[in-house]
Amino acid sequence: MHPAVINGAYDVDRIRQDFPILSLPVYGKPLVYLDNAASAQKPKAVLDRLHHAYTAEYANVHRGLHYLANAATEAYEGAREKVRAFLNAERPEEIVFTRNATEAINLVAYTFGCERIKAGDEIVLSIMEHHSNIVPWHFLRERQGAIIKWAPVDDDGNFLIDEFEKLLGPRTKMVAITHMSNMLGTIVPVKEVVRRAHARGIPVLIDGAQGAVHLDVDVKDIDCDFYAFTGHKLYGPTGIGALYGKHAHLAAMPPFNGGGEMIREVFEDRISYGEPPHKFEAGTPSIVQAIGLGTAIDYVASIGKERIRAHEQALGKYAHERLREINSLRIFGAARERGAIISFEMKGAHPHDVATIIDRAGVAVRAGTHCVMPLLARFGVTATCRASFALYNTRSEVDRLAEALIKAQDFFA
Ligand SMILES: Cc1ncc(COP(=O)(O)O)c(C=O)c1O
């Protein structure tokens with residue numbers, strides 16, 4: 001257990017000591033890093049693990065017979081086991097390492113999707129999807145003639161499960177939906193989504209790029225067919241993500257990329273493929289990044305997801321209160337079930353200008369489309385600012401955000 005949480009405490013100052021970058025001054029001011037939904041900072045444990053992997057157990061995996069090759073393979077496969085436990089998957093063969101969530105979703109669209117989805121078949125997405133969970137399905141629309149249907153949200157950003165269900169029909173071949181919106185923070189009741197889709201025999205992919213960071217994930221309990229997530233938002237390295245897939249699906253799916261590692265045999269006139277997960281991991285994988293992801297999972301577990309969630313929820317609530325006091329702000333997203341993400345715009349100001357001004361006060365937020373253009377269109381805007389919270393953020397950082405925004409108003413008065 002992490003020393004910061006012994007005896008039920010949540011000593012955020014102690015946790016912050018684990019993240020060297022958080023003490024970096026920017027423009028001579030202490031950094032307030034609120035761009036966590038884009039990518040989270042890394043604890044020393046992960047940085048040290050990467051260093052150790054490169055300095056004491058580095059070689060290519062699965063192919064050597066020497067000491068270092070075995071050490072690297074053991075660490076890499078150990079990380080797969082950590083991801084399995086993190087998602088509560090049945091077996092490690094159900095975990096495919098990918099570069100990120102985007103690649104995991106593309107893998108499903110290109111293999112499972114391409115085989116099953118033909119002209120006139122329907123794919124149901126939510127209007128909250130990140131482009132990573134839209135564009136691969138648009139490819140099937142363009143290339144195969146599939147039809148995309150969009151499950152709506154209400155004005156507060158609540159996911160409308162009954163409206164979603166109305167979209168499911170005999171031509172629906174796939175549901176692909178986010179666990180948690182990266183712009184509104186809305187949490188989708190994925191277990192119920194799966195239940196209603198499965199009642200009609202429709203498979204479900206969940207985009208857990210945000211959900212895996214902030215929510216408990218139990219793929220057996222959710223019963224989803226696929227779950228995709230990405231390491232760098234979970235305090236892990238870039239260049240590593242994972243796809244969970246039910247074993248029966250992975251075994252039946254054609255391979256994704258071709259190359260070394262994913263084959264059983266190659267002849268001049270024929271090839272045969274390996275078993276999952278290796279069938280989907282062509283070429284040298286992100287070995288050290290996967291190992292680092294394993295350590296990030298251990299780090300989160302040492303604090304406890306429930307404790308982290310309670311801390312982040314309190315921050316998100318406080319941020320809503322503070323930002324609601326600022327009259328020039330329009331806040332997006334007040335869903336009943338939501339995580340600690342708050343999107344907003346300032347009257348008369350472009351979000352890029354707002355973000356640039358508060359950056360000078362040391363406050364880092366994201367501004368732009370957040371890769372959710374259909375959702376922005378739903379709310380009639382072309383961009384927003386977004387503050388997103390992590391396990392190391394504090395109430396005083398929320399105050400710094402609010403103060404910076406209050407000052408920024410003067411530029412646009
Ligand atoms: C909900 C959601 N899905 C998918 C992604 C894509 O993640 P990655 O770029 O790591 O593949 C993101 C990243 O912002 C996200 O927020």
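Enquirer: I'd like to hear about the sheet that holds strand 6 (residues 147–151), residue by residue, with values.
Expert: In spatial order, the strands read 4-10-9-8-7-5-6; together these 7 strands make up an open sheet with mixed pairing. Across the chains shown, the open sheet's two edge strands, defined by having one partner strand only, are strand 4 (95–98) and strand 6. Pairwise comparison of adjacent strand axes, ignoring direction, gives a mean angle of 20° for this sheet.

Enquirer: Before we move on, could you go through the environment of F19 and cite the residues and values that matter?
Expert: By the element assignment, F19 lies in the loop between helix 1 (12–16) and strand 1 (25–26). For F19, a relative accessible area of 1% gives the class buried. When the C-alpha atoms of F19 and Y235 are compared, they prove to be 9.8 Å apart, with 216 residues separating the residues in sequence. If we ignore the near neighbours within four places in the chain, the residues touching F19 are Q41, K42, P43, Y235, Y299, L391 and Y392.

Enquirer: Give me the lowdown on the site of the ligand, citing residues and values where you can.
Expert: Not every one of the 14 residues close to the ligand is listed here, only the nearest: T102, D207, T230, H232 and K233. The separation between an oxygen atom of the ligand and a polar side-chain atom of T102 is 2.5 Å. For the ligand, the accessible surface in isolation is 400 Å², of which the surrounding protein chains cover 89%. Split into classes, the residues belonging to the shell around the ligand amount to 3 nonpolar, 9 polar and 2 charged.

Enquirer: With reference to specific residues and values, describe helix 5 (residues 135–144).
Expert: Working note: α-helix, 3.6 residues per turn, so residues spaced by three or four point in the same direction. Taken residue by residue, helix 5 has P136, W137 and L140 as its buried positions. What you see down the axis of helix 5 is that its buried residues fit within an arc of 105°, all on one side. Summarising the contacts, the buried residues of helix 5 are in contact with helix 4 (101–116), strand 5 (122–126), strand 6 and strand 7 (172–178). G145 occupies a position one or two residues after helix 5 and carries a positive phi of about 80°.

How each quantity is defined
Residues numbered from 1 in each chain as written. Predicted model: local features only at pLDDT ≥ 70, side-chain atom pairs only at ≥ 80, totals over all residues. Heavy atoms only, no water. Pairing = 2+ DSSP bridges. Helix = DSSP H or I, 4+ residues; strand = E, 2+ residues; numbered from the N terminus. Axes fitted to C-alpha atoms, helices over the stretch in contact; angles between N-to-C directions. Buried < 20%, exposed > 50% of the residue type's maximum accessible area, 1.4 Å probe, protein only. Contact = heavy atoms within 4.5 Å. Near = heavy atom within 4 Å. Polar contact = N/O pair within 3.5 Å; in protein donor to acceptor, adjacent residues only side chain to side chain. Areas by Shrake-Rupley, 256 points an atom, 1.4 Å probe, with all protein chains shown as cover. Nonpolar A, V, L, I, M, F, W, Y, C, P; charged D, E, K, R; others polar. Arc of directions from axis to C-beta.

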